[in-house]
Amino acid sequence: MSHPIFNIYHPATLQLLQYRSKAKLRRIASSFRDPRRQLLAAVAVILGIIWLSQAVATVMFRQPASREYLVKWIPIGLSLYAGWHLIKTVSKKTVKPFEWTSAEDEFVRAAPVTRHQLVSYRLASLLNASALKAFCFSIVMIPDLSIWLAGFVGMLLALIFVELLRVCFELAFYGLSKKAQIFSRSAILATVVGVLGWVVIKCMMSSNAESDIASPGALLFLKSMISELIALASTPLAEFFVFPLSIFSQVILIDGTSKASIFALPAAFGLVGALTALVYRLDHWMLQRTSIKEKNNFEIAAARTESHIQKITQHRRVRVPARIKGFGSIAWRQLLGAYHHRMTLIISLGLPTLLCCIPMLANHNPVLMLINVVGGVVFYSFLLLPSALMLDFRRDIGRMSVLKSLPITPIAMTLGQLAAPVLICSLFQWGVLLFATGTGSVVAWQAIMAAFLLVPVNVLIFATENFIFMVAPFRQNQEGVDVFLRTILTFTAKGVCFVIALVGTIAWALAARFLATQYFEIIPSSGPLIFGLGIWLITCIAAIAFVLGIARLYRNFDPSMDMPTAG
């Protein structure tokens, strides 16, 4: 214990990190031998090959970007990433820095190690994921980098800096009092809403606003918003906040000819070192503040009379409206979880709702407007909402042993877990369709039919997410290399599935038109009817198949063997 590194890392935690890395590799290797996971592993390999081939093609055929362009864009991207972490932190109902699993709570935190060493152990998990992200970035950016190693080191330091910023946000926010948390949350969210409102108004006043608004899902309008945000980042105030991140862009783009780039590398290391020291200081401050808050809470609780405590207990007793063989109980519990995290849900659903409603300002006929609105809500529901509405098995992986002990059938458990995200997603879509009907953009009966047809689509979206999760479970807020790989493969898979679904929809539209003209000419509007009915039946069959698959996976789930790793 005399070596200086042991003041930062305990030998046991270093050994634990080594064992965990080996265990992750063995777990990945075992997925190729497990019959239940062989298909998913094969799909992951195929998607990985697609992603790598795309990256190689980008490197080989892409023209290098200008240095001025990259010097401007890299700090903006990093600052947006850091800002997203800040918004996520303040929008959570309860923020717990350094998420610990139950096993780590029982063994690691109870071990005879200092708090300093515990923080170092937790920060070490950030390094692996950041290293892999930096490696992928440096590979894709090969045409733009004068020195590849400098690009890798610079992006690694930048990502570590942003992750340390996230930890600082969480520590500082967790240590604040209740009133201070409410004030800071209100101030930050009001600032974000004000900036977005200003950007939307400015985009609406541009000369290309009409064509941007009329684009499917308002994607061109979103692009205009991003351009305005970038222009906003060029203001002196924004440049002041972005300046520390611009140092990392100087390291990434080192060419050996600029004096500024020579001093950028030690400055970048200094920034990371200073922020790391700040993490340890904030952790010490947070523990002191937590101790004071717990002491005050204990004194308040001790001052209450027994009758008052009984009254509060009775008031907080949960009453389930309808149990329905356990389905209602599980669904009600997840809906209560949605209510407790309502601020996060409002923020997550706010931007998709805005982007889906903006095309209604265009002068389309009702049919084209209906296609535009429905396409927009399906696109955002498919791409964004599954990660925002984790109110299903993904939220309850740590309680799987408890769920398995309940007298609830697998199909009832599956339906109960899917009920909350499907209902919230449907409410989001129905709200957009109701707004479209109220503004006269869409015919009422068409909006009602679309709302009815979208329900099995929502079931399919969340059933697919939960099916993949049950095959390869992971923990919420998990960090590490495997999470990064999972994210890349998931988004690649979603893109591939969206393209396949789009091609299949176009093919079925042509087939429905052929059937209508050849066999159902006497039936008015037979083409749209055949098309809609066919899409609805295919979606329902696929949704039912995935729901049954989830129920089977849940029935065969062994909490002693199939639980995800701790990190």
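Residues numbered from 1 in each chain as written. Predicted model: local features only at pLDDT ≥ 70, side-chain atom pairs only at ≥ 80, totals over all residues. Heavy atoms only, no water.

(A) Representation of the overall build of the protein chain within the structure. Of regular secondary structure, the protein chain possesses 21 helices and zero strands. Expressed as a percentage of the 567 residues in the protein chain, the buried residues total 38%. Taking as baseline every contact in the protein chain between residues at least 6 positions apart, the subset at least 24 positions apart corresponds to 79%. A total accessible area of about 31300 Å² is found for the protein chain, and carbon and sulfur atoms account for 71% of it. (Helix = DSSP H or I, 4+ residues; strand = E, 2+ residues; numbered from the N terminus. Buried < 20%, exposed > 50% of the residue type's maximum accessible area, 1.4 Å probe, protein only. Contact = heavy atoms within 4.5 Å. Areas by Shrake-Rupley, 256 points an atom, 1.4 Å probe, with all protein chains shown as cover.)

(B) Molecular detail of the packing of aromatic side chains. What the rule picks out here adds up to six aromatic pairs. Measuring from ring centre to ring centre gives 6.2 Å for F135 and W148, while their planes differ by 85°; the resulting arrangement is edge-to-face. Of the two residues, F135 sits in helix α5 (residues 115-140) while W148 sits in helix α6 (residues 148-175), which places them 13 residues apart along the sequence. Ring geometry for F452 versus W536: centroids 5.8 Å apart, planes at 20°, classification stacked. (Phe/Tyr/Trp six-rings, centres within 6.5 Å; stacked < 30°, edge-to-face > 60°.)

(C) The arrangement of the pattern of salt bridges in detail. Considering all chains together, one arrives at eight salt bridges under this definition. Three or more residues joined by partner-sharing salt bridges are found here, namely K133, E163, R166 and E170. (Salt bridge = Lys/Arg side-chain N within 4 Å of Asp/Glu carboxyl O.)

(D) A look at the environment of V279. Assignment of secondary structure puts V279 in helix α11 (residues 259-303). The spacing of V279 and L165 is 114 residues in sequence and 8.5 Å in space, taken between C-alpha atoms. Those residues within four positions of V279 in sequence are excluded, and the remaining contacts are F98, V119, L123, L164, V167, C168 and L171.

(E) Examining the nonpolar core more closely. In this structure, F393, M400, V432, L433, F462 and M470 are the most contacted members of the largest nonpolar core, which totals 57 residues. Among all residues touching M470, those that are not within four sequence positions of it are F393, M400, I550, L553, Y554 and F557. (Core = buried A, V, L, I, M, F, W, Y, C linked by side-chain atoms within 4.5 Å.)

(F) Molecular detail of a nonpolar patch on the surface. On the surface, F135, I142, I147, W148 and L149 cluster together to form a nonpolar patch covering roughly 440 Å² of accessible area. Note that I142 resides in the loop between α5 and α6. Using a relative accessible area of 36% as the deciding quantity, one classes I142 as partly exposed. (Patch = residues over 30% accessible without salt bridge, like charges linked within 9 Å, V, L, I, M, F, W, Y side chains within 5 Å.)

(G) Representation of the side chain of N458 within the structure. Here N458 lies in helix α19 (residues 444-471). Among the residues examined, N458 registers a relative accessible area of 0% and is labelled buried. Within the structure, the side chain of N458 is placed 2.8 Å from the side chain of Q429, a separation counted as a polar contact. With residues up to four places along the chain from it excluded, the contact list for N458 reads V422, C425, S426 and Q429. (Polar contact = N/O pair within 3.5 Å; in protein donor to acceptor, adjacent residues only side chain to side chain.)

(H) The arrangement of helix α18 (residues 410-438) in detail. A rise of 1.5 Å per residue sets the reference length of α18, with its 29 residues, at 42 Å; its end C-alpha atoms lie 41 Å apart and thus fit the reference within 8%. The largest bend in α18 amounts to roughly 35° and is located at A419, with the proline P421 lying one to four residues further along. Downstream of α18 by a residue or two, G440 has a phi angle that is positive, lying close to 80°. (Expected span 1.5 Å × (residues − 1). Bend = angle between axes of the 7 residues up to and from the residue.)

(I) Focus on the confidence of the model for the protein chain. The predicted model of the protein chain has a mean per-residue pLDDT of 77, with 78% of residues at 70 or higher. For the protein chain, the element scoring lowest by mean pLDDT is helix α12 (residues 306-315), at 54; α18 scores highest, at 89. (pLDDT = per-residue confidence, 0-100.)

(J) Expanded view of the packing of α5 against α6. Running from N to C, α5 and α6 point in directions that differ by 140°, and their axes come no closer than 8 Å. When the axes of α5 and α6 are compared, the pair comes out oblique. Relative to α6, the crossing made by α5 is right-handed. On α6, the residues that touch L123, L126, L127, S130, A131, K133, A134, F135, F137, S138 and I139 of α5 are W148, G151, F152, M155, L156, L159, I160, E163, L164, R166 and V167. The class makeup of the residues in the contact of α5 with α6 is 16 nonpolar, three polar and three charged. (Axes fitted to C-alpha atoms, helices over the stretch in contact; angles between N-to-C directions. Parallel < 35°, antiparallel > 145°, perpendicular 65-115°, else oblique. Left-handed = near helix turned anticlockwise from the far one by under 90°. Nonpolar A, V, L, I, M, F, W, Y, C, P; charged D, E, K, R; others polar.)

(K) Structural detail: the packing of helix α14 (residues 342-357) against helix α15 (residues 366-383). The contact between α14 and α15 brings their axes to 9 Å, and the two run at 160°. On the basis of the axis angle, α14 is roughly antiparallel to α15. Relative to α15, α14 is oriented so that their crossing is right-handed. Each of P352, L355 and C356 in α14 lies in contact with α15, whose residues at this interface are V373, G376, V377 and Y380. In the contact of α14 with α15, the residues fall into six nonpolar, one polar and no charged.

(L) How the structure looks around the environment of S426. Turning to its location among the elements, S426 is positioned in helix α18. According to the relative accessible area criterion, S426 is buried, its value standing at 3%. Expressed as a C-alpha distance, the spacing of S426 and V455, which sit 29 residues apart in the sequence, is 6.5 Å. If we skip the residues at most four places from it in the chain, S426 touches V455 and N458. Within the local environment of S426, its side chain forms a polar contact with the backbone oxygen of V422, the two atoms lying 2.7 Å apart.

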